[in-house]
Amino acid sequence: MNKSHEKEAIRAYLKLLQAKGATTNVLYKHSLFLDQLAESLAGKSLESVIYSKVVDNVLKATPEEDWHTNLNTAREFYPFWMNDIKAIAAFNLNYGFDVSGIQWKPLTTSLKILIDSLNSESFDTAESWPLKAYTQAMRDQGADKSLVDTRIKLAKVMVIRLRDAPIKNHKSYRTAADLTLPLFKMVEAKQLFLLVVREFYNFWTGNPNAANMLLNDESTYN
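Parameters and conventions
The written sequence of each chain sets the order in which its residues are numbered from 1. Where totals are concerned, whole chains, interfaces and linings use all residues; where local detail is concerned, this predicted model gives features only for residues with pLDDT of at least 70, and gives and counts side-chain atom pairs only at 80 or more. Remark: hydrogens and water are excluded; side-chain values derive from all non-hydrogen atoms of the structure. Salt bridges are defined as contacts in which a side-chain nitrogen from Lys or Arg sits within 4 Å of a carboxyl oxygen from Asp or Glu. In DSSP terms, a helix is any run of H or I states spanning at least four residues, a strand is any run of E spanning at least two, and both are numbered starting from the N terminus. We call a residue buried when its accessible area falls under 20% of the maximum for its residue type, exposed when it is over 50%, and partly exposed in between, using a 1.4 Å probe and counting protein chains only. Here, nonpolar core refers to any group of buried Ala, Val, Leu, Ile, Met, Phe, Trp, Tyr and Cys residues whose side-chain atoms link them within 4.5 Å. Contacts are assigned to residue pairs with any non-hydrogen atoms lying within 4.5 Å of each other. The aromatic pairing rule takes the rings of Phe, Tyr and Trp, using the six-membered ring of Trp, and pairs them if the centres are within 6.5 Å, calling planes under 30 degrees apart stacked, those over 60 edge-to-face and the rest tilted. We score Asp and Glu as negative and Lys and Arg as positive, and we do not count His or the chain ends. Polar contact is defined as a pair of N or O atoms within 3.5 Å, subject to the rule that within protein one atom must be able to donate a hydrogen and the other to accept it, and that residues adjacent in sequence are counted only when both atoms are side-chain atoms.

A few words on the pattern of salt bridges. Counted according to the given criterion, the structure contains 7 salt bridges. Between Lys112 and Asp116 there is a salt bridge, with its nearest N and O atoms 2.7 Å apart. In this pair, Lys112 and Asp116 are both assigned in helix 6 (residues 111-117), 4 residues apart and thus about one turn of the helix distant. For Lys112, a relative accessible area of 60% puts it in the exposed group. The exposure class assigned to Asp116 is partly exposed, which follows from its relative accessible area of 41%. Put simply, Lys145 and Asp149 hold a salt bridge, and the shortest N to O gap is 2.7 Å. Here the residue Lys145 and the residue Asp149 both occupy positions in helix 8 (residues 145-161), the gap between them amounting to 4 residues, near one helical turn. The exposure class of Lys145 is exposed, given its relative accessible area of 63%. Salt bridges here are not isolated pairs; linked through shared partners, they connect Glu121, Glu127 and Arg163.

Written out as structure tokens, the structure is:
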């Protein structure tokens, strides 16, 4: 693919955002990141693995406070880059596009503070239920204790990060995940966290099929 493909995809994406009421400032911020992304995508074949790697590399060169906005932009832009009309329509129907920018974000902290706090944190019934359901699902799958303990710690981190979210929905969950990811410095740790984020989402939302989705790796978090 040449650069004209990326330019056309960016133009279509920004045009849709504008039609949905995105401000000039929001469009400008999106376009700045997409211009960087386009430079790295030019000439690449249309594959999800390639896209993910390019996004990861571009994000490494951006300030951590911009990670959520840029990662969300990359997530929304992906079907445009793939020229997948059905995926664009499905995303618009199920999730919607972010035309207002960040409204809420979790408090600034460090991974050490979060992990250390787990020993003294208490979780109320609403917080404990999805954690227990996630634990049981992994045990039913035959996961060993160390794996369960590690993933539950990361799920608890998500619960803590979401505590002060004014509205607990997929957008706040995504924001909490995107702004927690930079706290992990090792690639393997980042990948494990993202896996837990996807798996735990279905339990957090109370999806009655969450355990089956875990077994089949069909988490609906995007």
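Turning our attention to the nonpolar core. Leu37, Phe77, Tyr134 and Phe200 are the most contacted members of the largest nonpolar core, which totals 59 residues. The element best represented in this core is helix 8, accounting for 8 residues. In this view, Tyr134 contacts Arg151, Ile152, Ala155, Val196, Glu199, Phe200, Phe203 and Leu214; residues no more than four positions away in its chain are not counted.

Moving on to the packing of aromatic side chains. Inspection of every chain in the model, using the stated rule, returns 10 aromatic pairs. Joined through ring pairs, the aromatic side chains of Tyr13, Phe77 and Phe80 make up one cluster.

Positive phi values are uncommon outside glycine, yet Asn83 reaches one of about 55°. For Asn83, the location among the structural elements is in the loop between helix 4 (67-81) and helix 5 (85-94).

Another aspect to go through is the side chain of Arg161. Relative to the assigned elements, Arg161 resides in helix 8. We note that Arg161 is buried and unpaired, the nearest opposite charge coming from Asp164 at a distance of 7.5 Å. Within the structure, Arg161 has its side chain in polar contact with the backbone oxygen of Leu107 (distance 2.6 Å). When near neighbours in sequence (up to four residues on either side) are disregarded, Arg161 contacts Trp104, Pro106, Leu107, Thr109, Leu114, Ala176, Leu179, Thr180 and Leu183.

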